[in-house]
Amino acid sequence: MKILEPILAWREEIAALRRDIHAHPELAFEEFRTADLVAQRLQEWGIEVDRGLGGTGVVGIIKGKQAGPRAVGLRADLDALPMQEINTFAHASQHAGKMHACGHDGHTAMLLGAARYLSQHRDFAGTVYVIFQPAEEGGGGAKRMVDDGLFTRFPMDAVFGMHNWPGMRAGQFGVTPGPIMASSNEFIIRITGKGTHAGMPHLGVDPVMTAVQLAQSLQTIITRNRAPLEAAVLSITQIHTGSADNVVPNDAVMRGTVRTFTHETLDLIERRMEEISRHTCAAMNCDLEFEFTRNYPPTINHVAETAFAVGVMRDIVGADNVFDQVTPTMGAEDFAFMLQAKPGCYVWIGNGSGDHRDAGHGAGPCMLHNGSYDFNDELIPLGATYWSQLALKWLAQPA
Ligand SMILES: [Zn+2]
Ligand SMILES: [Zn+2]
């Protein structure tokens with residue numbers, strides 16, 4: 001593994017920074033302390049800082065010694081999740097109900113490591129923008145930064161993202177051209193019937209039976225309407241109705257999520273959901289309110305930039321440790337908004353199988369968004385090296 005020497009020397013210092021961020025998690029658009037810390041470090045290292053894009057976003061501007069036509073963006077996310085940490089190690093969350101369970105503390109640390117390296121090795125032509133975005137976890141901070149003029153104020157050829165991936169070995173990377181994460185969309189279906197005494201159901205209109213029928217019928221979209229080779233998920237995750245054993249309730253509410261890799265499949269599912277909901281409710285004499293919200297689009301890697309990133313990763317960890325055709329997941333990622341605006345590529349860096357876990361960790365190895373997750377500090381030098389080499393090689397390309 002070819003880790004850049006100076007980055008290796010800062011490993012403890014940057015790991016300490018990571019743990020400090022982990023201990024002080026902040027939720028979407030409230031990343032004030034974290035953004036202060038990032039901006040302070042960047043400035044200490046002589047990097048020009050812009051603040052306020054997307055609310056708490058921070059952009060570091062690292063110019064090479066030579067002017068050049070090229071510019072590249074590297075992006076990390078700052079926010080934590082509204083959930084309880086169950087780890088008891090020294091750097092566990094100090095804020096009840098808030099936790100860095102997705103490793104954004106580590107993403108921030110890896111990008112800071114790269115920013116420090118690049119600021120001290122400016123023998124390149126062009127500009128590197130290090131982008132620290134708020135609110136990845138559902139808030140769409142990436143979109144807010146793009147809407148606030150990220151790419152017009154800081155023109156760049158391409159933008160790159162990276163996420164740690166538990167279960168993949170530390171020292172390995174995974175990526176694929178095309179879709180790598182799904183679109184995420186939420187729905188709320190409100191069914192209104194007419195409540196009655198449960199012993200006299202014929203005097204009312206039962207929304208419970210309607211919800212049950214609808215839940216079954218909606219699954220036929222996945223099995224009967226969707227093309228079999230198009231990935232899609234339709235999960236009904238909540239059905240709320242009723243309050244007593246002897247009462248037919250007035251109404252029922254169903255909620256859930258839809259995931260797809262293409263806009264066409266998403267259009268189809270949304271249209272069929274509304275049709276089936278409307279007709280089922282009509283057949284059962286219930287009224288319907290149908291609400292479908294598109295949150296994050298699919299994260300779609302651009303082919304040329306993915307090939308470029310794969311080349312950089314192979315140079316660092318060897319071809320055997322780069323999986324360049326990983327199976328995409330139905331998770332979602334708001335970096336998708338940046339990839340809609342600019343070419344680029346989003347990669348996974350292996351977080352290991354839990355070997356980094358020691359005393360104070362909760363039960364067993366776990367996935368992201370688990371209360372006993374922790375970012376693996378071993379990755380920091382590798383991630384920072386990838387970012388640095390990616391930027392330097394990108395800028396070194398002929399214009
Ligand atoms: Zn997450
Ligand atoms: Zn995440």
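Rules of the game
Residues numbered from 1 in each chain as written. Chains lettered and ligands numbered in written order. Predicted model: local features only at pLDDT ≥ 70, side-chain atom pairs only at ≥ 80, totals over all residues. Heavy atoms only, no water. Helix = DSSP H or I, 4+ residues; strand = E, 2+ residues; numbered from the N terminus. Rg over C-alpha atoms; globule rule 2.2 N^0.38 Å. Buried < 20%, exposed > 50% of the residue type's maximum accessible area, 1.4 Å probe, protein only. Contact = heavy atoms within 4.5 Å. Expected span 1.5 Å × (residues − 1). UniProt positions renumbered as here; feature names shortened; annotations may be inferred. Donors = N, O, S within 2.8 Å, 3.2 Å for Na, K, Ca; no water. Domains from an automatic or database assignment. Buried area = accessible area lost by both parts, 1.4 Å probe. Tetrahedral: all angles 85-135°; square planar, octahedral: opposite > 155°, others 65-115°. Axes fitted to C-alpha atoms, helices over the stretch in contact; angles between N-to-C directions. Parallel < 35°, antiparallel > 145°, perpendicular 65-115°, else oblique. Left-handed = near helix turned anticlockwise from the far one by under 90°. Nonpolar A, V, L, I, M, F, W, Y, C, P; charged D, E, K, R; others polar. Polar contact = N/O pair within 3.5 Å; in protein donor to acceptor, adjacent residues only side chain to side chain.

As recorded in an unreviewed UniProt entry, the protein goes by the name Amidohydrolase, listed as coming from Bordetella genomosp. 12.

Regarding the overall build of the protein
On a plain count of helices and strands, the protein comes out with 11 helices and 16 strands. The C-alpha radius of gyration of the protein comes to 24 Å, within 12% of the 21 Å expected for a compact globule of 399 residues. Principal-axis analysis of the C-alpha atoms places the extent of the protein at approximately 80 × 45 × 40 Å. Here the protein, with 399 residues, has 56% of them falling under the buried criterion. Counting contacts in the protein only where the partners sit at least 6 residues apart, residues at least 24 apart contribute 81% of the total.

Examining helix α11 (residues 379-396)
Compared with the 26 Å implied by 1.5 Å per residue over 18 residues, the 25 Å span of α11 between its first and last C-alpha is a close match. Within α11, 14 of the 18 residues are buried, leaving the element largely enclosed by the surrounding structure.

Let's talk about the UniProt feature "domain: Peptidase M20 dimerisation" (unreviewed entry) in the protein
The residues that UniProt annotates with the feature "domain: Peptidase M20 dimerisation" (unreviewed entry) are residues 186-281. Helix makes up 40% of residues 186-281 and strand 32%, with an end-to-end C-alpha separation of 20 Å.

A few points about the coordination of the zinc ion (ligand 2)
At this site the zinc ion (ligand 2) is bound by C102 (SG), H104 (NE2) and H163 (NE2), with donor distances of 2.1 to 2.3 Å. Within one chain, the residues serving as donors to the zinc ion (ligand 2) are arranged as C-x1-H-x58-H. Between the zinc ion (ligand 2) and the zinc ion (ligand 1), a separation of 3.2 Å is found, and both are coordinated by C102. Here H104 is found in helix α4 (residues 104-120), whereas its partner H163 is found in strand β5 (residues 158-166), with 59 residues between them in sequence. According to the relative accessible area criterion, H104 is buried, its value standing at 0%. The class of H163 is buried, set by a relative accessible area of 3%.

Observations regarding the domain arrangement of the protein
Often, the extent of an interface is quoted as the loss of accessible area upon association of its parts. Once the domains are mapped, the protein shows domain 1 (5-182 + 298-396) and domain 2 (183-296). Look at where the C-alpha atoms of domain 1 and domain 2 centre, and you get two points 38 Å apart. Counting residues at the interface gives 21 residues for domain 1, matched by 11 residues for domain 2. Both faces considered, domain 1 and domain 2 share a buried interface measuring about 1,100 Å² in area, 73% of it formed by carbon and sulfur atoms. Area buried by domain 1 at its contact with domain 2 is led by A182, P298 and M330, which between them contribute 52% of it.

Notes on the coordination of the zinc ion (ligand 1)
The protein atoms that coordinate the zinc ion (ligand 1) are C102 (SG), E137 (OE), E137 (OE) and H369 (NE2), at distances of 2.0 to 2.8 Å. Here the zinc ion (ligand 1) is ringed by four donor atoms whose angles at the metal span 51 to 149°, and the overall shape comes out irregular. Positions of the donor residues of the zinc ion (ligand 1) along the chain correspond to the pattern C-x34-E-x231-H. Overall, E137 belongs to the partly exposed group, its relative accessible area being 21%.

Let's talk about the packing of helix α9 (residues 303-317) against α11
Where α9 meets α11, the axes come as close as 10 Å, and the angle between the chain directions of the two elements is 125°. With respect to their mutual orientation, α9 and α11 come out oblique. Between α9 and α11 lies a crossing of right-handed hand. Residue-level inspection shows E305, F308, A309, V312, M313, D315, I316 and V317 of α9 in contact with α11, the latter providing L382, T385, Y386, Q389, L390, K393 and W394. Of the residues that constitute the contact of α9 with α11, the class distribution is 10 nonpolar, two polar and three charged.

Regarding the side chain of T257
Tracing the backbone through its elements, the reader meets T257 in strand β12 (residues 251-260). Within the local environment of T257, its side chain forms a polar contact with the side chain of R259, the two groups lying 3.1 Å apart. Those residues within four positions of T257 in sequence are excluded, and the remaining contacts are N185, E186, F187, V233, L234 and S235.

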